[in-house]
Amino acid sequence: MQRYFIYFSYDGSAYHGWQIQPNGNSVQAELQKALFTILQRHIEVVGAGRTDTGVHARMMVAHFDDESAQIDGEQLTYKLNRVLPYDISVLRIIPVDSAMHARFSAQRRTYHYYVHLDRDPFCRFTSYRLYQAPDFALMNKAAQLLLQTKDFGAFCKSHSDTKTTFCDVTEAQWVQLTATKWYFKITANRFLRNMVRAVVGTLLDVGYGKVTLEAFSEILNSRSRSNAGESVPGHALFLEEIEY
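What you are looking at is a predicted structure, and each value in this text was computed from that prediction instead of being measured.

J.: Could you give an account of helix H4 (residues 195-207), with specific residues and numbers?
T.: In a regular helix each residue adds 1.5 Å, so 13 residues correspond to 18 Å; H4 covers 18 Å between its end C-alpha atoms and thus fits that length. Of all 13 residues in H4, 13 are buried, a share of seventy percent or more. Count one or two residues on from H4 and you reach Gly 209, which has phi positive near 80 degrees.

J.: Lay out the side chain of Glu 240 in plain terms, naming residues and giving numbers.
T.: Examined against the element boundaries, Glu 240 turns out to sit in strand E9 (residues 237-243). There is a polar contact of 2.7 Å between the side chain of Glu 240 and the side chain of Arg 58. With near-sequence residues (within four places) excluded, Glu 240 lies in contact with Arg 58, Met 59, Thr 110, Tyr 111, His 112 and Tyr 114.

J.: Account for the packing of H4 against helix H5 (residues 213-222), with residues named and values stated.
T.: Close contact between H4 and H5 brings their axes to 10 Å; oriented N to C, the two are set at 160 degrees. The orientation of H4 relative to H5 falls into the category roughly antiparallel. Two packed elements cross with a definite hand, and for H4 against H5 that hand is right-handed. Within the contact between the two elements, H4 uses Thr 202, Leu 203 and Val 206 and H5 uses Leu 213, Phe 216 and Ile 219. Taken together, the residues of the contact of H4 with H5 sort by class into 5 nonpolar, 1 polar and no charged.

J.: I'd like to hear about the nonpolar core, residue by residue, with values.
T.: With 74 residues, the main nonpolar core has Phe 8, Leu 146, Phe 155 and Phe 184 as its most contacted residues. A per-element tally of this core places H4 first, with 8 residues. Each of domain 1 (2-96) and domain 2 (108-243) accounts for three or more of the residues forming this core. Setting aside anything within four residues of it in sequence, one finds Phe 8 in contact with Trp 18, Val 27, Leu 31, Arg 58, Met 59, Met 60, Val 61, Ala 62, Ser 89, Val 90 and Leu 91.

J.: Which residues make up the packing of aromatic side chains, and what values do they have?
T.: This model, assessed by the stated rule, comprises 13 aromatic pairs. Between Tyr 111 and Phe 191 the ring centres are 5.0 Å apart and the planes differ by 80 degrees, which places this aromatic pair in the edge-to-face class. A residue pair is termed long-range when its members are at least 10 positions apart, and Tyr 111 in strand E5 (residues 108-116) and Phe 191 in the loop between strand E8 (181-188) and H4 qualify at 80 residues. Ring pairing ties together the aromatic residues Phe 136, Trp 174, Trp 182 and Phe 184, which thus form one cluster. Positioned above the aromatic ring of Phe 238 is the side chain of Arg 58, whose terminal nitrogen or guanidinium carbon lies 4.3 Å from the ring centre.

J.: I'd like a rundown of the layout of surface pockets, residues and numbers included.
T.: Reported here for the largest pocket is a volume of approximately 910 Å³. As for the largest pocket, its lining consists of 36 residues, and the residues nearest its centre are Ala 48, Gly 49, Arg 50, Arg 103 and Phe 191. Here the element with the most residues in the lining of the largest pocket is H4; it accounts for 3 residues. Both domains that meet at the lining of the largest pocket, namely domain 1 (2-96) and domain 2 (108-243), each give it at least three residues.

What counts and what doesn't
Residues numbered from 1 in each chain as written. Predicted model: local features only at pLDDT ≥ 70, side-chain atom pairs only at ≥ 80, totals over all residues. Heavy atoms only, no water. Helix = DSSP H or I, 4+ residues; strand = E, 2+ residues; numbered from the N terminus. Expected span 1.5 Å × (residues − 1). Buried < 20%, exposed > 50% of the residue type's maximum accessible area, 1.4 Å probe, protein only. Polar contact = N/O pair within 3.5 Å; in protein donor to acceptor, adjacent residues only side chain to side chain. Contact = heavy atoms within 4.5 Å. Axes fitted to C-alpha atoms, helices over the stretch in contact; angles between N-to-C directions. Parallel < 35°, antiparallel > 145°, perpendicular 65-115°, else oblique. Left-handed = near helix turned anticlockwise from the far one by under 90°. Nonpolar A, V, L, I, M, F, W, Y, C, P; charged D, E, K, R; others polar. Core = buried A, V, L, I, M, F, W, Y, C linked by side-chain atoms within 4.5 Å. Domains from an automatic or database assignment. Phe/Tyr/Trp six-rings, centres within 6.5 Å; stacked < 30°, edge-to-face > 60°. Lys NZ or Arg CZ within 6 Å of the ring centre and 35° of its normal. 1 Å grid on protein atoms, 1.4 Å probe; cavity = no way out; pocket = protein on both sides within 12 Å on 5 of 7 lines; lining within 4 Å. Points joined across faces, edges and corners; volume = space filled by probe spheres on them.

Below, the structure written as structure tokens:
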């Protein structure tokens, strides 16, 4: 049995996230359907993690096992891109050791959340419009407190099935692209459901003067989702990179 890693990207606008859902289409379902069309056998793919409805991925990774050790990664990549919807693109397929796991072998994941201040029709599906400029410098001060935190229960979706709310965040900062466009970059070994969107929403509360730095620290220490801010919309969130 040979294990393969698939590296791919997708625009999540039309999907109910990565994982197969009973009530809507998913990226996983489309990928498995395309693999069946080409290989003429059911292939179950295991993703590096979940993404919520509408969230995008510049780089997602999944693995699958197959009895055939003769799969040509370049040929399968070409064929998949011929049958997949245009909002999903396979980047490469490589054989890996059977001990490698798309989810559990990942060391770090990086997300970007994009915001813009101007009326830009080309950003409406990939960035969150802010009608007033927040204090980005103050939000960056708050973001540094994330590096000193281990338990992110304050940003975990209620009734989540996660076994632990501990994460190791190694980078968290707002980055300016242009005079009116910014993104929030956050890197960690793992993320909780809805975590990045809840973090961004609470940081924006800091940037708009609704929450002080001291209060933000108290929210972190409370480990209670009810104390944090509202989650921002998913359409501006991108899974940017996964490192193994």
